[in-house]
Each structure stands twice: as structure tokens, then as C-alpha cells.
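Summary of the model geometry
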Amino acid sequence: MTQLQLPGLLDTETIRKDFPLLDRVIHDGKKLVYLDNAATSQKPQQVLDVLNSYYEQHNANVHRGVHTLAEEATALYEGARDKVAAFINAPSRDEVIFTKNASESLNLVANMLGFADEPYRVDRETEVVITEMEHHSNIVPWQLLSQRTGAKLKWFGLTDDGRLDLSNIEQVITEKTKIVSFVLVSNILGTVNPVEAIVRRAQDVGALVLIDASQAAPHAALDVQALGADFVAFTGHKMCGPTGIGVLWGRQELLEDLPPFLGGGEMIETVSMHSSTYAPAPHKFEAGTPPIAQAVGLGAAVDYLSAIGMDRIAAHEHAITEYALKRLQEVPDLSIIGPTTAEGRGAAISFTLGDIHPHDVGQVLDEQGIAVRVGHHCARPVCLRYGIPATTRASFYLYSTPGEVDVLIDGLEHVRNFFG
Amino acid sequence: MYQEVILDHYKHPHGRGLRDGDAEVHHVNPTCGDEITLRVRLDGSRIDDISYEGQGCSISQASASVLNELLVGKEYPEAQKIQETFLELMQSKGKVEPDDAMEEVLEDAVAFAGVSKYPARVKCALLSWMAWKDATAQALSEKETA
């Protein structure tokens with residue numbers, strides 16, 4: 001593969017050696033070109049080794065039992081919480097709740113608010129605000145909450161160039177708004193959203209802010225204090241960690257005030273047959289045996305990413321995205337759905353290719369070893385907004401190379417000829 | 001997977017467009033957003049017309065075209081047998097090698113045998129066939145009530 005040099009690129013030759021799966025060959029000798037990183041990332045050997053050693057050497061249940069293994073497992077699990085807290089610059093480790101994924105984190109907040117007392121309570125007198133750009137995981141929990149409580153669900157629309165339309169922000173976020181929940185980086189459009197303007201307006205009216213950082217945390221430094229939100233949700237498997245582990249960060253005083261959602265072991269202080277009292281956060285929100293190995297794996301992923309440096313990873317992806325946008329726009333009949341320049345956008349690029357259905361694009365690319373995502377990317381309202389049934393999406397990560405972009409471009413040329 | 005026959009039907013679909021019918025259904029394939037609106041018109045127990053509009057991948061669109069070509073003009077029991085044979089082929093996970101008997105029943109539809117190896121695409125191929133089954137059942141039950 002020819003290696004084009006772009007400013008800001010990481011040493012991908014070295015990095016790729018850490019990811020065994022990237023060596024895979026599929027369909028009779030085609031070298032895998034993995035461009036589906038917005039769906040999930042591949043895992044470095046360092047994370048795989050930590051998972052193995054956890055199960056081989058330290059496996060036990062956490063927070064109970066006094067035996068050596070239980071103490072080791074607890075130290076590893078809680079150590080992962082420390083690592084994640086440092087990674088997102090959380091003021092306190094007790095503000096980091098482990099969940100199974102970002103969807104669970106978002107659902108958890110929706111349910112905390114649905115069962116909360118004043119002043120957080122969401123009911124028929126109040127409003128909930130989201131955007132048209134959300135992943136289904138940040139739409140459906142709020143629809144459920146609205147249906148159950150009678151709250152009104154409102155949302156920001158999109159501009160033609162794939163950005164949030166905040167022109168009516170004062171009508172959308174009002175004194176009745178209890179929570180504003182929005183995505184930091186869109187998984188389908190790649191758009192990076194203007195946090196400050198939304199947070200300022202929400203704070204003016206006393207609304208809470210939840211940010212879905214699933215497509216942000218893997219790709220650039222995430223500082224929950226700088227964001228100014230009340231809650232931040234993301235998932236581990238998109239950032240070199242295993243599946244089955246997600247994070248909800250929340251401001252400590254909120255986590256103290258808000259009620260638990262799932263009940264069970266580990267989240268209690270005392271239990272009688274009549275009532276229970278709850279453990280302090282984060283344990284209050286972690287009922288049952290948590291995903292221990294997965295949390296430990298996420299800790300290892302955070303170590304791996306931090307050692308390379310999130311700023312360097314962001315610069316690498318910016319360079320790749322800029323190059324990919326330029327090359328994609330040279331392909332006849334190709335339309336990018338979302339921002340067409342690398343400014344204020346992440347490393348996921350959606351596009352349509354003439355009238356060729358994305359499923360056909362994806363299938364013919366797969367035959368050439370190229371893995372992209374096709375469909376509505378769990379963001380069907382975005383497809384409806386732009387009048388398209390689906391898109392093809394190529395998404396990059398720290399191990400992506402300009403050479404892989406070139407393979408994609410050649411692959412798309414082949415697709416055009418095939419269906420032309 | 002992309003047999004010449006499939007690409008032909010995709011590029012030159014048979015019977016596309018909505019015409020009068022006794023029943024209409026709208027089916028979607030939520031995994032990829034393929035959609036079809038399909039109408040069936042019956043003349044007694046004969047399939048008089050299958051008309052459809054839809055959007056989707058080449059597999060789903062070509063399959064609707066083959067469905068139209070194969071079933072229009074057939075008596076319902078025979079059409080039902082063809083549908084069942086196609087369903088069996090598509091659910092075979094690539095393990096059924098169509099023999100002469102199957103080819104005789106399915107004609108152009110045997111070209112979809114390769115699609116059955118791709119679990120993500122089987123639903124694309126079956127979309128119009130399931131819509132037809134649904135619409136025909138509705139048309140028949142309406143005729144019974146009338």
C-alpha cells in the first residue's frame with residue numbers, strides 16, 4: 001500500500017502492529033480495509049492481554065468477599081474507574097458510573113428524571129429537548145419518558161449543510177425545559193456540535209444538559225468540566241475497549257439527589273423487607289455484578305489511547321478526514337451527506353453514490369475487502385430530513401491510513417462500473 | 001451474488017408502478033430501509049396483477065420484478081407453491097443447490113440462491129414476497145367477506 005504523507009499523521013505502521021485483526025485477509029486474499037470505526041473500533045493487543053490476564057489470574061466478584069482474588073478484582077475494577085475519571089477530567093472518581101453501553105447511560109438519565117422529585121422531575125408540565133441529529137439511542141428513551149410522563153418532546157432541526165439549526169434556540173429551550181440531550185459528534189453526519197451555545201441557554205433556563213459523547217470520546221480529548229454539561233455518556237467498544245462497558249459521568253450533587261433506576265445487589269446500604277437505603281454514587285447506579293472484565297479492559301484502552309495522546313489522535317484523524325473528503329468529492333455522482341470540509345467535523349463520512357443503493361455499495365466494497373457501514377446508522381430521522389433512504393459511511397480511527405482511503409476510492413469506482 | 005439475471009431485473013424491472021388492486025400493503029426492511037408498497041388484484045383465484053412501488057437495494061428491487069414476472073397470471077395455489085419454494089431456497093443459508101425441479105418452479109428466481117449465503121441480504125430478497133403473501137391473504141379474506 002503506498003503511504004502518502006500528510007501533516008499530523010501518526011506512525012500507523014507501528015500502531016497497526018498492535019491490532020492483530022487489521023492483518024486479516026478476507027474473500028480469497030483481499031487485505032481487510034476496516035472503515036467501520038464509528039460502529040466499533042478494533043482492539044489492540046494490550047487490551048486483549050489485560051482481558052486475558054484478568055480472567056487467567058484475578059477473576060472474582062467485586063466489592064464482597066475478603067479473599068485475595070476478590071480484593072484484586074475489586075482493585076482492578078475500581079482502578080479502571082480512576083483511569084476513566086482521569087481520561088475525561090472528572091472532578092471526582094465517584095462521578096463515573098459504569099453501564100453496559102452508551103444507550104444504557106442515556107436511558108439511565110431518562111429514568112432518573114422520570115422518577116425524580118422536584119426540581120428535576122419530568123412531568124406533563126415540562127419539556128424535554130433533543131435534536132434531529134440524534135442516534136436512536138438518544139431519541140427513543142426520551143420518547144418513552146415523554147409518553148410515560150406526559151412531558152412535551154421538542155427538538156432542534158438541521159440545516160441543509162448538516163449542522164444543527166439553533167436559530168430558534170430561545171423557542172426550543174424554554175423555562176419549561178427540564179433537560180437538553182444532544183450528541184457531541186454525529187455518528188451519521190460527522191458534525192461536531194456547538195456545545196457552548198446550547199449549554200449557556202440551558203443554564204439560563206435552569207435545564208440540565210446531557211451530552212452523548214459516543215463518537216467524541218474515542219477521537220479527541222474529552223474534558224467533562226470544560227463541556228459544562230451535567231451528564232456525559234459514552235461507550236467503551238468504540239475506543240479500543242471491549243463491548244459491554246459504557247460510562248455515564250454525572251455531577252456529584254445530581255447523582256446524590258437523583259433516585260436509582262435499577263435495584264439489586266451492590267447498590268444498597270441496608271435492606272429490610274419493608275424498605276432499603278442506597279449506597280452512595282456511583283454504586284447507587286450499578287446494581288448487580290458489573291461488567292468487571294470489560295471495565296478493566298476499558299481501563300487498558302484508556303491507557304493505550306492516553307499513551308499515544310488524544311491530541312495526536314485527533315490531529316491524525318483530521319488529516320485523514322481532510323484527505324478522504326477531498327478524494328471522495330472527486331468521485332462522480334458522489335454526494336457527501338454532512339459537512340464537506342474537515343472543520344468542525346469528526347472522522348465519519350456518509351455519502352450517497354448516484355442511485356446505487358448503499359446496500360449494494362457496501363456489498364461490492366466488501367467483496368474487495370473494504371468494510372463500511374450502510375443503512376440509516378440508527379439515525380433514521382437524518383435520512384428522512386435529507387430525503388435519502390440510507391447512506392454509505394466510511395469512518396476512520398488512529399490506525400487508518402491515506403492508502404486505505406485510496407483503496408476505498410478505487411473500490412467506489414468499481415462499484416460505479418458494476419452498477420453503471 | 002450479483003447474477004446477471006438479478007442485475008437485469010434491477011435495471012429493467014417488470015410491472016413496476018402502482019395499479020388498481022384488491023389489497024395494498026406497505027412493508028419495510030428495518031435493517032437497511034428497503035420499502036415496498038404492493039397491490040394485488042385477483043380475478044377469482046387467479047393472480048390478475050401485482051403492482052408495486054418501492055425503494056431499496058438491487059436485490060430487493062430485482063426480487064420484486066421477478067415476483068411480478070413469475071406470479072402474475074398464475075392460479076393462487078400454484079403461486080403459493082412458488083412462494084414457498086422461494087422461501088425455502090432463501091432460508092437455506094446457501095446449502096440448497098437448486099435442482100432441475102426447483103429451477104422449473106422458480107425460473108429466474110433461482111438466481112437468488114447465492115443471496116441466501118448472506119444473512120443480512122435474505123430479508124432484502126424476501127421483502128416483496130412477504131408483502132405479496134400478506135396482500136394476497138388480505139385480498140382473499142375481503143373477497144370472502146364480500
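Now for a look at the structure at hand. (Residues numbered from 1 in each chain as written. Chains lettered and ligands numbered in written order. Predicted model: local features only at pLDDT ≥ 70, side-chain atom pairs only at ≥ 80, totals over all residues. Heavy atoms only, no water.)

So, about the side chain of Asn111(A). One can find Asn111(A) in helix H4 (residues 102–115). A relative accessible area of 13% means that Asn111(A) is categorised as buried. (Helix = DSSP H or I, 4+ residues; strand = E, 2+ residues; numbered from the N terminus. Buried < 20%, exposed > 50% of the residue type's maximum accessible area, 1.4 Å probe, protein only.)

Glancing now at the sheet that holds strand S6 (residues 152–156) of chain A. Residue and element names in this part refer to chain A. If you walk across this open sheet you meet the seven strands as S4-S10-S9-S8-S7-S5-S6, and the pairing is mixed. Two strands in the sheet have a free side with no partner beyond their single neighbour: strand S4 (96–99) and S6. Across the sheet, the mean angle separating the axes of adjacent strands is 20 degrees when strand polarity is ignored. In terms of strand pairing, strand S5 (residues 127–131) meets strand S7 (residues 177–183) through three bridges, oriented parallel. Bridge pairing in S7 places Val-129 opposite Val-180. Of the strands in this sheet, S4, strand S9 (231–235) and strand S10 (246–250) touch helix H3 (residues 68–87), which is tilted by about 120 degrees from S4. The sheet contacts of H4 involve S4, S7, strand S8 (208–212), S9 and S10, and relative to S9 the element is tilted by about 150 degrees. (Pairing = 2+ DSSP bridges. Axes fitted to C-alpha atoms, helices over the stretch in contact; angles between N-to-C directions. Contact = heavy atoms within 4.5 Å.)

What follows concerns the pattern of salt bridges. Enumeration over the complete set of coordinates arrives at 29 salt bridges over all chains. One salt bridge connects Arg200(A) with Glu196(A), and the closest N-O pair in it is separated by 3.4 Å. One end of the pair is Arg200(A) and the other is Glu196(A), both in helix H7 (residues 195–205) and four residues apart, which spans about a single turn. Owing to a relative accessible area of 59%, Glu196(A) belongs among the exposed residues under this scheme. Between Asp48(B) and Arg41(B) there is a salt bridge, with its nearest N and O atoms 2.9 Å apart. With relative accessibility at 24%, the residue Asp48(B) sits in the partly exposed group. (Salt bridge = Lys/Arg side-chain N within 4 Å of Asp/Glu carboxyl O.)

All names here are of chain A. Residue Glu-118 is joined to Pro-119 through a cis peptide bond whose omega torsion reads 5 degrees. Tracing the backbone shows Pro-119 in the loop between H4 and S5. Following Ala-281, the chain continues to Pro-282 via a peptide bond in cis, the omega torsion being 5 degrees. With respect to the element layout, Pro-282 can be found in the loop between strand S12 (276–278) and helix H10 (292–308).

Chain A puts 15 residues into the contact, and the matching count from chain B is 18 residues. Interface area for chain A against chain B, summed over the two sides, is near 1300 Å², with a carbon-plus-sulfur share of 51%. Summed over the three residues of chain A that lose the most area to chain B, namely His357(A), His359(A) and Gln363(A), the buried surface amounts to 38% of that side. At the boundary of chain A and chain B, one finds two salt bridges. A salt bridge links Asp360(A) to Arg121(B), with the shortest nitrogen-to-oxygen separation between them at 3.2 Å. The tally of links between chain A and chain B comes to six residue pairs in polar contact (both at pLDDT 80 or more). (Buried area = accessible area lost by both parts, 1.4 Å probe. Polar contact = N/O pair within 3.5 Å; in protein donor to acceptor, adjacent residues only side chain to side chain.)

Residues and elements named next belong to chain A. Here strand S11 (residues 268–271) pairs with S12 via three bridges, running antiparallel. What sits directly across from Val-271, in S12, is Ser-276. Linkage of S11 to S12, two consecutive antiparallel strands, is achieved through a turn of four residues.

Below, the discussion takes up the packing of aromatic side chains. Residue and element names in this part refer to chain A. Tallied over the entire structure, the rule returns 13 aromatic pairs over all chains. Ring geometry for Tyr-77 versus Phe-98: centroids 5.3 Å apart, planes at 50 degrees, classification tilted. Placement of the pair is Tyr-77 in helix H3 and Phe-98 in strand S4, with a sequence separation of 21 residues. Here Tyr-77 matches Phe-98 in class, with each residue buried. Between Tyr-397 and Tyr-399, the ring centres sit 5.7 Å apart and the planes meet at 75 degrees, which makes this aromatic pair edge-to-face. (Phe/Tyr/Trp six-rings, centres within 6.5 Å; stacked < 30°, edge-to-face > 60°.)

Let us now look at the packing of helix H2 (residues 58–71) of chain B against helix H5 (residues 119–145) of chain B. All names here are of chain B. Viewed as axis vectors pointing N to C, H2 and H5 meet at an angle of 35 degrees, and their least axial separation amounts to 8 Å. Crossing hand, H2 versus H5: right-handed. Taking contact as the criterion, the partners of Ile-59, Ser-60, Ser-63, Ala-64, Val-66, Leu-67, Leu-70 and Leu-71 in H2 are, on H5, Arg-121, Cys-124, Ala-125, Ser-128, Trp-129 and Trp-132. (Left-handed = near helix turned anticlockwise from the far one by under 90°.)

Looking now at a negative patch on the surface. Residues and elements named next belong to chain B. Together, Glu-69, Asp-99, Asp-100, Glu-103, Glu-104 and Glu-107 make up a negatively charged patch on the protein surface. For the negative patch, the leading source of residues is helix H4 (residues 100–106), giving three residues. Among the structural elements, Glu-107 can be located in the loop between H4 and H5. (Patch = residues over 30% accessible without salt bridge, like charges linked within 9 Å, V, L, I, M, F, W, Y side chains within 5 Å. Areas by Shrake-Rupley, 256 points an atom, 1.4 Å probe, with all protein chains shown as cover. Lys, Arg positive; Asp, Glu negative; His and termini not counted. Charge placed at Lys NZ, Arg CZ, Asp CG, Glu CD.)

Let's shift gears to the pairing of strand S3 (residues 46–55) of chain B. Residues in a regular strand point their side chains to alternate faces of the sheet. All names here are of chain B. By the bridge criterion, nine bridges tie strand S2 (residues 34–43) to S3 in an arrangement that is antiparallel. Directly across from Ile-36, in S3, lies its bridge partner Gly-54. Where S2 hands over to S3, the hairpin turn is made up of two residues, of which Gly-44 adopts a positive phi near 65 degrees.

Functional significance is not addressed by these values, which are geometric in nature.
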